[in-house]
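Analysis of the macromolecular model
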Amino acid sequence: MRLQDLAAFGGQPLFSELKHTAQMNLPEWSKLKNTLRGIVERSYFTNHGPLVNQLEQEFAKALGVRHAICVSNGTSALMIMCRALGMRGEVIVPAFTFPATVQALTWAGVTPVLCDVHSQTQTPTARQVEACITRRTTGVLLTHVWGQSAYSDDIQKLADAYALNLIFDACQAIGCTHLGHQLGNFGKAEAFSFHATKIVNATEGGCITTNDDHFARCFRAARSFHETPDDPPGILRMNGKMSEAQAAFALLTLEEFEQNLTANHDRYTAYCRELSALPGIVVGVYSDSEVNNYQYVNVYIEAEVCGLTRDELFDLLAAENIICRRHFSPGMHRIPPYDSMPQQIGRTFPVTDRLCERIMQLPNGQQVSIEDVTRICGLLSEIIALAPEIRAYHQSHQCLG
Ligand SMILES: *Cc1c(COP(=O)(O)O)cnc(C)c1O
């Protein structure tokens with residue numbers, strides 16, 4: 001391959017259609033059609049309908065958790081969870097997370113205090129969390145990054161010692177485990193997302209799980225503007241309901257969870273195999289002793305080894321219609337308004353910064369075949385072989401510019 005064969009330099013893109021990261025896992029059309037027809041025939045479109053109730057039961061059963069409360073999306077799950085638990089003042093949250101984790105706290109009226117993460121686990125250690133505790137701290141919200149548990153007994157002990165609410169953003173963690181136990185069972189409550197890019201897909205959708213009967217009633221009350229006799233008093237309400245159409249998608253993709261997980265795992269294994277010999281492209285590994293949903297194929301780009309930065313590679317791949325992601329880049333401490341909050345001023349987040357500079361998610365999901373994976377990796381290998389030429393080209397054009 002020559003430089004001019006790359007799409008960024010005038011060649012034909014490798015793919016004629018876009019290859020995305022975490023693309024929709026669509027349920028079988030015949031099943032979807034039947035389920036949607038049922039909604040129309042019942043004329044029951046929303047307000048805790050039969051499909052939402054069924055989804056709550058099936059999701060709770062799959063996770064082995066007492067309560068699953070479906071809501072409109074993962075962000076509202078986080079907002080409701082935080083608000084209905086009565087969190088106030090400051091809540092500690094990782095700087096390396098999806099923006100919604102932190103934004104939900106702001107909506108719930110609490111001040112997020114960002115915390116750096118450990119380079120190996122990509123989640124804060126108990127020590128890192130403890131260093132952020134002030135007299136105003138009422139809670140800790142940690143993210144199960146890439147479905148890997150953020151829970152540890154140390155974190156739980158710390159939360160207990162300081163009487164803090166410990167909750168989790170489990171939006172990426174459907175079907176994932178901590179020491180063999182399903183995530184969704186830890187802390188006071190956990191928030192899941194059924195966004196189109198997640199392995200269980202309601203187009204938009206979310207769910208709060210908890211083993212606490214009282215909190216479950218609080219969450220149910222908060223997601224609806226109408227009061228019922230069963231509701232605890234003093235709950236701030238909103239419209240966070242899930243519709244029947246959303247539940248239809250989620251139920252069908254939940255039914256296909258195992259096969260989607262297996263397909264994800266096959267693609268992940270193919271990526272690992274194809275990229276193992278490539279210098280400077282390190283595939284993120286998942287623990288063999290836990291279940292993961294393999295929805296995220298992360299690679300870490302070592303520019304000093306492969307000769308190109310993550311962003312250079314990202315752009316070269318995008319030109320070929322290979323649409324990668326750079327989650328969770330930039331770190332939340334660099335995103336307004338969090339970059340200028342007094343709680344963050346003068347603090348540094350070196351581990352988050354370093355992760356954000358190197359991480360990239362490769363295409364995955366139903367629309368990516370194993371053959372696609374082979375082609376993507378083959379191209380990556382060609383690109384890296386051309387790295388010195390690409391560099392030289394960029395440098396000469398920077399001089400011209
Ligand atoms: C997807 C995601 C969210 C947001 O979920 P939505 O359903 O899109 O609101 C929050 N946190 C994490 C870690 C996510 O991956």
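Residues numbered from 1 in each chain as written. Predicted model: local features only at pLDDT ≥ 70, side-chain atom pairs only at ≥ 80, totals over all residues. Heavy atoms only, no water.

**Here we look at the domain arrangement of the chain**
Applied cut-off: As annotated, the domain borders come from an automatic or database domain assignment. Working rule for contacts: check all heavy atoms of both residues, and any pair within 4.5 Å makes them a contact. By convention, the term buried area covers the 1.4 Å-probe accessible surface removed from two parts as they join, with the contributions of both added. Salt bridge, as used here: a side-chain nitrogen of Lys or Arg that lies within 4 Å of a carboxyl oxygen of Asp or Glu. Polar contact criterion, stated in full: a pair of N or O atoms within 3.5 Å, where within protein one must be able to donate a hydrogen and the other to accept it, and residues adjacent in sequence count only if both atoms are side-chain atoms. Counting from the N terminus, the helices are DSSP H or I runs at least four residues long and the strands are E runs at least two residues long.
The domains assigned to the chain are domain 1 (3–22 + 257–324 + 363–400) and domain 2 (29–255). Relative to domain 2, the C-alpha centre of domain 1 lies at a distance of 31 Å. At the junction of the two partners, domain 1 supplies 15 residues and domain 2 supplies 21 residues. With both sides pooled, the region where domain 1 packs onto domain 2 buries about 1400 Å², and carbon together with sulfur makes up 45% of that total. It is Phe 257, Glu 290 and Tyr 296 that lose the most area in domain 1 upon contact with domain 2, and together they represent 41% of the buried surface on that side. Applying the counting criterion to the domain 1 and domain 2 interface returns 0 salt bridges. Connecting domain 1 to domain 2 are 12 residue pairs in polar contact (both at pLDDT 80 or more). Those elements giving two or more residues to the side of domain 1 that touches domain 2 turn out to be helix H9 (257–275) and strand E11 (297–301).

**Let's talk about the layout of surface pockets**
What counts is decided by this rule: Grid spacing is 1 Å over the protein atoms alone, the probe is 1.4 Å, and a cavity is where that probe fits but cannot get out, while a pocket is an open set with protein on both sides within 12 Å along at least five of seven lines and lining residues have an atom within 4 Å of a point. Grid points are joined across faces, edges and corners, and a volume is the space filled by probe spheres set on the points. The classification used treats Ala, Val, Leu, Ile, Met, Phe, Trp, Tyr, Cys and Pro as nonpolar, Asp, Glu, Lys and Arg as charged, and all other residues, Gly among them, as polar.
By volume, the largest pocket amounts to about 750 Å³. Lining the largest pocket are 34 residues, with Gln 120, Thr 121, Gln 122, Gln 148 and Val 285 sitting closest to its centre. When residues of the lining of the largest pocket are traced back to their parent elements, those giving at least two are strand E10 (281–283), E11 and helix H12 (350–358). Among the elements that line the lining of the largest pocket, the one with the most residues is H12, at 4 residues. For the lining of the largest pocket, a count of residues per class yields 14 nonpolar, 16 polar and 4 charged. Both domains that meet at the lining of the largest pocket, namely domain 1 (3–22 + 257–324 + 363–400) and domain 2 (29–255), each give it at least three residues. Approximately 380 Å³ is the volume found for the second largest pocket. Counting only elements with at least two residues in the lining of the second largest pocket, the list comes to helix H3 (74–84) and helix H4 (99–107).

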